[in-house]
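This is what each chain is made of:
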Amino acid sequence: MKKIILGLAAVIAIGAAALWQFQGAAQAAPNVALTDLQGNTVHLQDLRGKVVLVKFWATSCTTCVAQMPDTIRHYDELKAQGFDTYGVAMQYDPPNYVKNFTDTRKLPFPVVIDAQGKIAQAFGDVRLTPTAFLIDKKGNIIKRYLGNYDEKAFMATVEKALAS
């Protein structure tokens, strides 16, 4: 009986280690087309060589609205170092609300309306806001953020990705 329990424990430990390694592996970001409010289109693969934050948000999301000043500041401070941000408004967000928010807050980064929900679907069926994905210079998702996040840890991750 003791051998069976030890064997079972070993199998569980090996499985847990494999799962941990799999979760830590870089996942390629989907090559979605992002068309901003001005009609400019970029594919994510065109942004290789940059560190990119793709942030799903909504005008009705209080946490999204509260985070926007920091998102603007991070973009402004880091864009010269190769950091880019794309704000992706959720499918349910009325386009006129998104445009008004973008204009009145003078968002300096491109804003995309995910009218058919295809971008959210490509990123794993995003439904909760804010959800953000940090993508490294090679086009891999290195971090996913849901809701509020630790700003110091975020900046450390961004700076490490920019330095690589």
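Numbers given to residues run from 1 along each chain, matching the order in which its sequence is written. Reporting in this predicted model follows two pLDDT cut-offs: at least 70 for local features of residues, and 80 or more for side-chain atom pairs to be given and counted; totals over whole chains, interfaces and linings ignore these cut-offs and use all residues. Remark: hydrogens and water are excluded; side-chain values derive from all non-hydrogen atoms of the structure.

Draft legend 1. Expanded view of the sheet that holds strand β4 (residues 51-57). Strand pairing requires that DSSP identify at least two bridges connecting the strands. Secondary structure elements follow DSSP: runs of H or I no shorter than four residues count as helices, runs of E no shorter than two count as strands, and numbering proceeds from the N terminus. If you trace the six strands from one edge of the open sheet to the other, you get β1-β8-β7-β4-β5-β6, paired in mixed fashion. The open sheet has two free edges, formed respectively by β1 (27-28) and β6 (111-113), since each of these has just one partner strand. Strand direction decides the pairing type here: strand β7 (residues 131-135) and strand β8 (residues 140-146), joined by five bridges, are antiparallel. Pairing of I135 across the sheet is with I141, part of β8. Contacts were defined at the residue level, with two residues in contact if any of their heavy atoms lie within 4.5 Å. Between the N-to-C directions of two axes lies an angle of 0 to 180 degrees, each axis being a line fitted to C-alpha atoms and, for a helix, fitted only over the stretch in contact. Sheet strands touched by helix α2 (residues 62-78): β4 and β5 (83-89). Its angle to β5, the strand with the most contacts, is close to 155°. Most of the contacts of helix α3 (residues 95-104) go to β6, to which it runs at about 175°, and overall it touches β4, β5 and β6.

Draft legend 2. Spatial organisation of the environment of K160. For K160, the location among the structural elements is in helix α5 (residues 151-163). For K160, a relative accessible area of 66% gives the class exposed. Between the C-alpha atom of K160 and that of D136, which follows or precedes it by 24 residues, the distance is 9.7 Å. Throughout this description, buried means an accessible area under 20% of the type-specific maximum (1.4 Å probe, protein chains only), exposed means over 50%, and partly exposed covers the range between.

Draft legend 3. Fine view of the packing of α2 against α5. Two elements in contact, α2 and α5, have axes whose closest approach is 13 Å; the angle formed by their N-to-C orientations is 25°. By the criterion of interaxial angle, the relationship of α2 to α5 is roughly parallel. Taken as a pair, α2 and α5 cross one another with a handedness that is right-handed. Seen from α2, the contacting residues are D70, R73, H74 and L78; seen from α5, they are E151, F154, M155, V158 and L162. Considered class by class, the residues forming the contact of α2 with α5 number five nonpolar, one polar and three charged. Roughly parallel covers angles under 35 degrees, roughly antiparallel covers those over 145, roughly perpendicular covers 65 to 115, and oblique covers all other angles. Here a crossing is taken to be left-handed if its near helix is turned anticlockwise relative to the far helix by less than a right angle, and right-handed if that turn runs clockwise. Under the grouping applied here, Gly and all other residues not named as nonpolar or charged are polar, the nonpolar ones being Ala, Val, Leu, Ile, Met, Phe, Trp, Tyr, Cys and Pro and the charged ones Asp, Glu, Lys and Arg.

Draft legend 4. Spatial organisation of the pairing of β8. Pairing of β1 with β8 involves two bridges; the strand directions are antiparallel. From the neighbouring strand, A28 faces β8, where its bridge partner is N140. Hairpin connection of β7 to β8: four residues between the antiparallel strands, including G139 at a positive phi of 90°.

Function cannot be inferred from these measures alone, as they are strictly geometric.
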